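# Coordinate analysis (summary)
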Amino acid sequence: AQTVTQSQPEMSVQEAETVTLSCTYDTSENNYYLFWYKQPPSRQMILVIRQEAYKQQNATENRFSVNFQKAAKSFSLKISDSQLGDTAMYFCAFMKLRSGNTPLVFGKGTRLSVIA
Amino acid sequence: DAGITQSPRYKITETGRQVTLMCHQTWSHSYMFWYRQDLGHGLRLIYYSAAADITDKGEVPDGYVVSRSKTENFPLTLESATRSQTSVYFCASSSGNTIYFGEGSWLTVV
């Protein structure tokens, strides 16, 4: 079974600064996807970024980027130029790559507060 | 472009009552999922379905029943609600490697 671990229950960052959220996972699979989801106070689940394990290049989406270390099974999220709207819970998630869809396995989340 | 909708959005029920949370998607996605979110646990999978009439247990299935008679609907039933089932419930559907979430159903069992 896959497990996802987010070791930082809470973090804070000053507005305009950079912050990195950590995520490690355990799997025997070779092909999989990794995700970061943002959940603001509204509880809506918003996809932030996705990484395919077979791609060596780290995914980026505007101010969000990841550091994917496959051998170390590490998948951290870097938020640059933090904004007040980035305040939210952030979940790391894992999905096996199969012929059909497989469920996401989530970490317990990191609550990020951006301070003005 | 409704996407995926959950109903009710908010529900208070009493211990022992049966409750059904509805989930409807307009995309004809084959796969659908039910998760619950509790403080300190993230999102945990309750049940999922690969197609109509095909369902499978997730991590925390006890106390829940699902059905999938039509591709677009995936109701979740709590046959006899308990206080430990107070939670936020998320329905999701997927196409390829993208999972789409509903807005959540807040359930309180008193």
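Please read these numbers as outputs of a predicted model, since none were measured by experiment.

Another aspect to go through is the state of the cysteines. Here, the word disulfide means a covalent bond between the sulfur atoms of two cysteines. Residues and elements named next belong to chain A. All chains considered together, the criterion is met by 2 disulfides over all chains. Between the sulfur atoms of Cys23 and its disulfide mate Cys92 the distance is 2.0 Å. In this structure, the disulfide formed by Cys23 and Cys92 twists by about -70 degrees around the S-S bond and is classed as left-handed. Of the two residues, Cys23 sits in the loop between β3 (19-21) and β4 (24-26) while Cys92 sits in strand β10 (residues 88-96), which places them 69 residues apart along the sequence. For the pair formed by Cys23 and Cys92, the shared burial category is buried.

Right, let's get into the interface of chain B and chain A. Residue-level contacts link 20 residues of chain B with 19 residues of chain A. Overall, the association of chain B and chain A removes approximately 1,700 Å² of surface from exposure, summing both partners, and the carbon and sulfur fraction of that is 58%. Taken as a group, Leu43(B), Asn97(B) and Phe101(B) account for 31% of the area that chain B buries against chain A, more than any other trio of residues on that side. Across the chain B-chain A interface, the total number found is 0 salt bridges. The interface formed by chain B and chain A holds 4 residue pairs in polar contact (both at pLDDT 80 or more) in total. Residue composition of the side of chain B that touches chain A, by class: 11 nonpolar, 9 polar and no charged.

The rules behind these values
- Residues numbered from 1 in each chain as written.
- Chains lettered and ligands numbered in written order.
- Predicted model: local features only at pLDDT ≥ 70, side-chain atom pairs only at ≥ 80, totals over all residues.
- Heavy atoms only, no water.
- Disulfide = S-S within 2.5 Å.
- Helix = DSSP H or I, 4+ residues; strand = E, 2+ residues; numbered from the N terminus.
- Buried < 20%, exposed > 50% of the residue type's maximum accessible area, 1.4 Å probe, protein only.
- Contact = heavy atoms within 4.5 Å.
- Buried area = accessible area lost by both parts, 1.4 Å probe.
- Salt bridge = Lys/Arg side-chain N within 4 Å of Asp/Glu carboxyl O.
- Polar contact = N/O pair within 3.5 Å; in protein donor to acceptor, adjacent residues only side chain to side chain.
- Nonpolar A, V, L, I, M, F, W, Y, C, P; charged D, E, K, R; others polar.

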